[in-house]
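# Overview (structure and organization)
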Amino acid sequence: MISLTSEIRTPYHGWPTVAKLVGLCLFTLAVFYLDSVTVGAGVMGIVMLAYLVGGGLFAMQGLRMMRPVLWFVAIIMLWHLAVGRTAEGAVVILRLLAAVALANLVTMTTRLEDILAVVERALARLGVSPRLRRRLALSVALVVRFTPLLVQKGGALSEAWRARTHRRPGWRLVLPFALLAVDDAEQVAEALKARGGAL
Amino acid sequence: MERNLTLIALFAALIAALGLVPKLTLISGVPISAQSLGIMLCGTVLGAKRGALAVLLFLALVALGLPLLAGGRGGLGVFSGVTMGYLIGFPVAAFVTGLLAEMWRSRGGFIFPAVAALIGGVVVLNVLGIIGMSIKLDKTLADAALLATPFIPGDVLKCVLAGLITQGLLKARPGLVRA
C-alpha cells in the first residue's frame, strides 16, 4: 500500500517523530489565534522555506498535496472579495494554508512504521492492555492488506459488468462489492479461529 | 470476537475502496463520492458500535498517513483543513445511523435503513461539518451552511442507495447482524 511519505530524503526525516507531532500540535493551536495579514504571511513564508529546505522537487510534491485545499481557498477568497472584507479573507486563508501545509510536511517526512511505533508507545503509556493493542495492530494490518485487494476485486466486478453491457456500472456494483467484503471478513475470521484465535 | 474484528477491519477497507471509485456528477454539476455511502453502510449494516469502530479505524489510518480519503488524500493535513468537522463527524454519523438502524431492524425493507442514514449520515454529519467549517473559516453557521448546501441532493440520493444496499446485503447474508 502506497503511503504519503516522500521518497526524497530531507533533514526532517531524521527528526524524532514525537517532537514533530508535538511541534505540529503547538503550531496548529498557535495558528488558530493568528489575526494579522503580516504575521500570517510571515508564518506562511517560514512554512514555504521549510519545504524548500527539502529541495525543489520535494516542495513540488508538497504543493501537489495542497491541491484539494486550493479549491476552498478560491471559494473563500471570492466570498470575501464579494462582501468587501479582503483582509479578513486573507487571514483565514493564510491560517488554513499554514496549518495544512505543516501537517502535510510532518506526514511527508515521517514513515508509517515510525508513527505506528509512537501510537503503540502512547497506548501502552495510557494503560491500554496488550491484548487490545494486539487487536488494534491486527485491524490496521487487515485494512492495509485488504484495501488494495478490494479495489482489485471491484475492478474485476466492473470488467465483468462491462463485458455484458455498454451501460456504466455505477451504484449497482456497490451491493456485490460490499458482499465481497463481508465474505472476506467471514473467511478471515474462520482462518484466525482455526489458528488458535490470534487474539 | 474474531468475526467482529474482521468485519470492522473489512468495512474500514470498504470505505477506503469506495473512495477510489470514480465520482458521479449530479445534474447540478456537483460531484459526489461513494465514500460517505461507505460511512452510512457501516452504520446500517454493522450497527452503532461496530460501525463507529470501523469508521474510527479508517480515520486512524488516514491520520497515520495513508492516502485513503476520496481523491487519494490523507495524512495529518486533512484534519487541519476546512472539512475537519466532517471527518470528526464520520464516526458520530455511523454511530447514530447504526443506533437507529438497529432499533428499526425488525421492520425490514429499505425505507428504515435509508431514514437512519438520512438522520445520521446527512443531518448529524452536516451539523458537525458546518460547525467545523464555521470555526475554521471564521464564519457564521448560516454562512458555512451555504457552502454545504450543494452537496445535500447527492447525500439524499446516497441514503436511498444505502437503504437498498443494506436490504440486499441482509437478505443475502442474514447472519450479518449477529454480533
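My aim in this report is to walk through the structure given alongside it, one point at a time.

Conventions used here
- Residues numbered from 1 in each chain as written.
- Chains lettered and ligands numbered in written order.
- Predicted model: local features only at pLDDT ≥ 70, side-chain atom pairs only at ≥ 80, totals over all residues.
- Heavy atoms only, no water.
- Helix = DSSP H or I, 4+ residues; strand = E, 2+ residues; numbered from the N terminus.
- Rg over C-alpha atoms; globule rule 2.2 N^0.38 Å.
- Core = buried A, V, L, I, M, F, W, Y, C linked by side-chain atoms within 4.5 Å.
- Buried < 20%, exposed > 50% of the residue type's maximum accessible area, 1.4 Å probe, protein only.
- Domains from an automatic or database assignment.
- Contact = heavy atoms within 4.5 Å.
- Salt bridge = Lys/Arg side-chain N within 4 Å of Asp/Glu carboxyl O.

What follows is about the overall build of chain B. When helices and strands are counted, chain B shows 7 helices and 2 strands. The order of helices and strands in chain B, counted from the N terminus, is α-β-β-α-α-α-α-α-α. Taken against the 2.2 N^0.38 rule, which gives 16 Å for 179 residues, the C-alpha radius of gyration of chain B at 16 Å falls within 12% of a compact globule. Projected onto the principal axes, the alpha-carbon positions of chain B cover approximately 45 × 35 × 25 Å.

Counting 104 residues, the largest nonpolar core has Y51(A), L150(A), F11(B), L14(B), V55(B) and F58(B) as the members making the most contacts within it. The element that contributes the greatest number of residues to this core is helix α5 (residues 86-108) of chain A, accounting for 14 residues. No fewer than three residues from each of domain 1 (11-110) and domain 2 (119-194) of chain A sit in this core. With residues near it in sequence (within four places) discarded, Y51(A) still touches F58(A), A59(A), G62(A), A101(A), N104(A), L105(A) and M108(A).

We now examine the pattern of salt bridges. Should their charged atoms come close, side chains of opposite charge can pair. Per the counting criterion, the structure on display carries 10 salt bridges over all chains. Among the salt bridges present, the one from D184(A) reaches K153(A), with a minimum N-O distance of 3.0 Å. Remark: K153(A) occurs in helix α7 (residues 130-164) and D184(A) occurs in helix α8 (residues 174-194); sequence separation between them is 31 residues. Judged by relative accessible area, K153(A) falls into the partly exposed class, the value being 27%. Note that R173(B) is salt-bridged to D183(A), the shortest N-O span being 2.7 Å. One end of the pair, R173(B), is in the segment after α7 (152-172); the other, D183(A), is in helix α8, on a second chain. For R173(B), a relative accessible area of 31% puts it in the partly exposed group. Under the relative-accessibility criterion, D183(A) is labelled partly exposed at 25%. Shared partners join several salt bridges into a network, and the residues in it are R85(A), E88(A) and K139(B).

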